Amino acid sequence: MSSEYNAFITDATIEGDGEGVLSGATVAVKDNISTKDVRTTCGSAMLESYEPPYDATVVRRVLDAGATIVGKANMDEFGMGGTTETSAFDPTENPRAPGHVAGGSSGGSAAAVAAGAADLALGSDTGGSIRNPAAFCGVVGLKPTYGLVSRYGLIAYANSLEQIGPIGPTVESTARLLDVIAGPDEHDGTTRTADLEGSYVDTIDGDVSGTTVGVLRNLTEGSDERVQTRFEAAIDDLRAQGASIVEIELESIEHALAAYYVIAMSEASSNLARFDGVRYGVSGGYDGDWNEAFASTRNEGFGEEVKRRILLGTYALSAGYHDKYYKKAQDARAWVKSDFTEAFTQADVLASPTMPVLAPKIGENLDDPLALYQIDANTVPVNLANVPAISVPIGEADGRPVGLQLIAPAFGEGRLFRTASALE
Amino acid sequence: MTTETVNADDVRHVADLARIDLEDAEIELFEEQFAEILEYFDSLDEVPAVDADEELVNVMRSDEPHESLSQATALKNAPETDDDYFKGPRVS
């Protein structure tokens, strides 16, 4: 392992060239976010020696704000996993629960912050990949509203679902990093301007009196009892601070996980078609024609989970199955969105445990893909609905950190920071 | 509605479509796993048709020349090049 807890795939020092709110701060950058001339592997053997010719917009922004990038953080291969065990560069260990996974796919980013190897980190979240490791490692992580943060330079896995977001030791530091990276970018046509006065840091006042918190019953009851106990205590804490608590049931949420995987795998099968071993990636030079050489490259360069998802995505989009899987998944996505819109007429923010389980031991679930997919049940509805969500630590159970997830309407990040700060 | 059984030929067919040259052991593993995963996806059959009324806006930019990567930079990560070109396998 190249670094403590194997949090980094590549150690690097990229000095900021500006002065700003991140002057003096160190930042870990997930290894699917492009850094000019610094190896960016996506946790894959396919890109073992790939050096991007340009910086991602978020990288330019943190450097312009004065930060120093200290390394490229370990991750599940192409973001496909929830434990950082599908990385071609070995798993990341959880600094707060040794012997256990750091979560994923942004496991290296969260572990770097938890271990103090970086002050802050950038991750990406397609179905929970920022919130999951933040919860398992006992740090704060935010998945922004779709379109708040530029994806330019993020190597795509499922572009209709994913966002780059901040990870930090506290709500305030996480908000500060969001202030730096948020905002429109001419290189990403999906970026929007948030209707925010002042900064995200300014939204933090810890005042939840007058805030209505909707507890998502379906997601809470499906969680491990030890997680539920911590969660209920945190909700009691919010109530004691003046928040109103209501219970909310979302019928559509039972179908969110299947819909998420169908959509993510379908998009992945298309996005990862670019890895042909000709323009970048593991060496060509195989015998045979274009198709044969292409197939050999991809067999060698991709790990098992990536192959599994590309194949299932290809299946879901193939003739005869498109209507059954992909189209129904899009219906489910629209249903989840409308359910959330309805829920936000009853509550300002929604709450659930971030993860339904405690961090598993390294190696515990590796052979059962469906069991691994199911730990994403609480986080994926947020990505389907394009809304923002934060994970904030709420103590430990059996020596492992537990996180609480708060969800807000689109561009409601300020509400998330305000409510989350009441739990610190 | 239930999923038809996934057999090894189905796995080979999608692997061929996706241009991934799987080994026999992987085909066997995926055959078993896909049956279980696709059965889980069958729960989507219960989802009602939803009228999604998205507000969509076209985002356009003017079609003007910009500074772009030099040929040398664009070729930097290619495993094989020939002068100023990418070199790929024969087409047929």
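These notes cover the structure that comes with them. Being a predicted model, the structure only gives us computed values, none of them experimental.

The next point concerns the overall build of chain A. Along the backbone of chain A there are 13 helices and 11 strands. Against the 2.2 N^0.38 benchmark of 22 Å for 424 residues, chain A shows a C-alpha radius of gyration of 20 Å, consistent with a compact globule. Overall, the C-alpha framework of chain A stretches about 70 × 55 × 45 Å when taken along its three principal axes. Taking the intrachain contacts of chain A between residues at least 6 apart in sequence as the baseline, contacts between residues at least 24 apart amount to 74%. Accessible surface, chain A: about 13400 Å² in total, of which carbon and sulfur atoms supply 44%.

In this section: the overall build of chain B. For chain B, the count of helices and strands is three helices and two strands. Counting helices and strands in the order they occur from the N terminus, chain B gives α-α-α-β-β. Taken over the C-alpha trace, chain B has a radius of gyration of 23 Å; the compact-globule value for 92 residues is 12 Å, which it surpasses by more than 25%. The principal-axis extent of the C-alpha atoms belonging to chain B is close to 55 × 45 × 20 Å. Looking at the 92 residues of chain B, the share that counts as buried comes to 25%. Restricting to contacts in chain B with at least 6 residues of sequence separation, those with at least 24 account for 34%. About 7100 Å² of surface is accessible on chain B, with carbon and sulfur atoms providing 46% of the total.

This brings us to the sheet that holds strand β11 (residues 400-407) of chain A. All names here are of chain A. Strand order in the open sheet formed by 11 strands is β1-β3-β2-β4-β6-β5-β10-β11-β9-β7-β8, with mixed pairing between adjacent strands. Looking at the sheet topology across the chains shown, the edges are occupied by β1 (8-14) and β8 (244-248). For this sheet the average axis-to-axis angle between neighbouring strands, irrespective of direction, equals 25°. As paired strands, strand β5 (residues 140-143) and strand β6 (residues 163-168) are joined by two bridges and run antiparallel to one another. Looking at the pairing, Val140 lines up with Gly168 of β6. Against the sheet, helix α2 (residues 107-114) contacts β1, β2 (26-30), β3 (68-73), β4 (120-125) and β6, and its axis sits at roughly 155° relative to β4.

In this section: the environment of Ala359(A). Residues and elements named next belong to chain A. Relative to the elements of secondary structure, Ala359 occurs in the loop between β9 (349-353) and α11 (369-374). For Ala359, a relative accessible area of 1% puts it in the buried group. In this structure the C-alpha to C-alpha distance between Ala359 and Gly99, which are 260 residues apart in sequence, comes to 9.7 Å. Beyond its immediate sequence surroundings of up to four residues, Ala359 is in contact with Asn94, His100, Val101, Phe136 and Arg400.

We now examine helix α13 (residues 413-421) of chain A. Two residues of an α-helix separated by three or four positions point the same way, owing to the 3.6 residues in each turn. Residues and elements named next belong to chain A. Summarising burial for α13: seven of the nine residues are buried, a large majority. Considered for burial, the residues of α13 that qualify are Glu413, Gly414, Leu416, Phe417, Thr419, Ala420 and Ser421. Contacts from the buried residues of α13 go to β5, α4 (171-181), α6 (225-240), β9, β10 (389-397) and β11.

Take the nonpolar core next. Among the nonpolar cores identified, the biggest contains 73 residues, and Phe78(A), Phe275(A), Phe302(A), Leu311(A), Leu350(A), Ile407(A) and Phe41(B) are the most heavily contacted of them. A per-element tally of this core places helix α7 (residues 256-271) of chain A first, with 11 residues. Counting 58 residues, the second-largest nonpolar core is a separate cluster that includes Val29(A), Val180(A), Ile181(A) and Val227(A).

All names here are of chain A. If you walk through the whole model with that rule in mind, you get 15 aromatic pairs over all chains. Where Tyr315 meets Tyr321, the ring centres are 4.4 Å apart and the plane angle is 25°; that geometry is what we call stacked. Since its relative accessible area comes to 19%, Tyr321 is described here as buried.

This part takes up the interface of chain B and chain A. Counting from both sides, the interface comprises 49 residues of chain B and, opposite them, 59 residues of chain A. Roughly 4600 Å² is buried in total at the junction of chain B and chain A, and carbon and sulfur atoms are behind 66% of that figure. Counting the contacts that link chain B with chain A gives five salt bridges. For Lys76(B), the salt bridge identified is with Glu51(A), shortest N-O distance 3.8 Å. If you look at where chain B meets chain A, you find 16 residue pairs in polar contact (both at pLDDT 80 or more). At 10 residues, the largest contribution of residues to the side of chain B that touches chain A is made by helix α2 (residues 24-41) of chain B. Looking at the side of chain B that touches chain A residue by residue, the classes come out as 28 nonpolar, seven polar and 14 charged.

What follows deals with the packing of helix α9 (residues 304-317) of chain A against α2(B). Here α9(A) crosses α2(B) at 55°, and the two axes come no closer than 11 Å. Taken as axis vectors, α9(A) and α2(B) run oblique relative to one another. You can see that α9(A) and α2(B) cross each other, and the crossing is right-handed. Residues Glu304(A), Lys307(A), Arg308(A), Leu311(A), Leu312(A) and Tyr315(A) of α9(A) form the contact with α2(B), whose own contacting residues are Glu26(B), Leu29(B), Phe30(B), Gln33(B), Phe34(B), Ile37(B) and Leu38(B). By residue class, the composition of the contact of α9(A) with α2(B) is eight nonpolar, one polar and four charged.

Conventions we followed
Residues numbered from 1 in each chain as written. Chains lettered and ligands numbered in written order. Predicted model: local features only at pLDDT ≥ 70, side-chain atom pairs only at ≥ 80, totals over all residues. Heavy atoms only, no water. Helix = DSSP H or I, 4+ residues; strand = E, 2+ residues; numbered from the N terminus. Rg over C-alpha atoms; globule rule 2.2 N^0.38 Å. Contact = heavy atoms within 4.5 Å. Areas by Shrake-Rupley, 256 points an atom, 1.4 Å probe, with all protein chains shown as cover. Buried < 20%, exposed > 50% of the residue type's maximum accessible area, 1.4 Å probe, protein only. Pairing = 2+ DSSP bridges. Axes fitted to C-alpha atoms, helices over the stretch in contact; angles between N-to-C directions. Core = buried A, V, L, I, M, F, W, Y, C linked by side-chain atoms within 4.5 Å. Phe/Tyr/Trp six-rings, centres within 6.5 Å; stacked < 30°, edge-to-face > 60°. Buried area = accessible area lost by both parts, 1.4 Å probe. Salt bridge = Lys/Arg side-chain N within 4 Å of Asp/Glu carboxyl O. Polar contact = N/O pair within 3.5 Å; in protein donor to acceptor, adjacent residues only side chain to side chain. Nonpolar A, V, L, I, M, F, W, Y, C, P; charged D, E, K, R; others polar. Parallel < 35°, antiparallel > 145°, perpendicular 65-115°, else oblique. Left-handed = near helix turned anticlockwise from the far one by under 90°.

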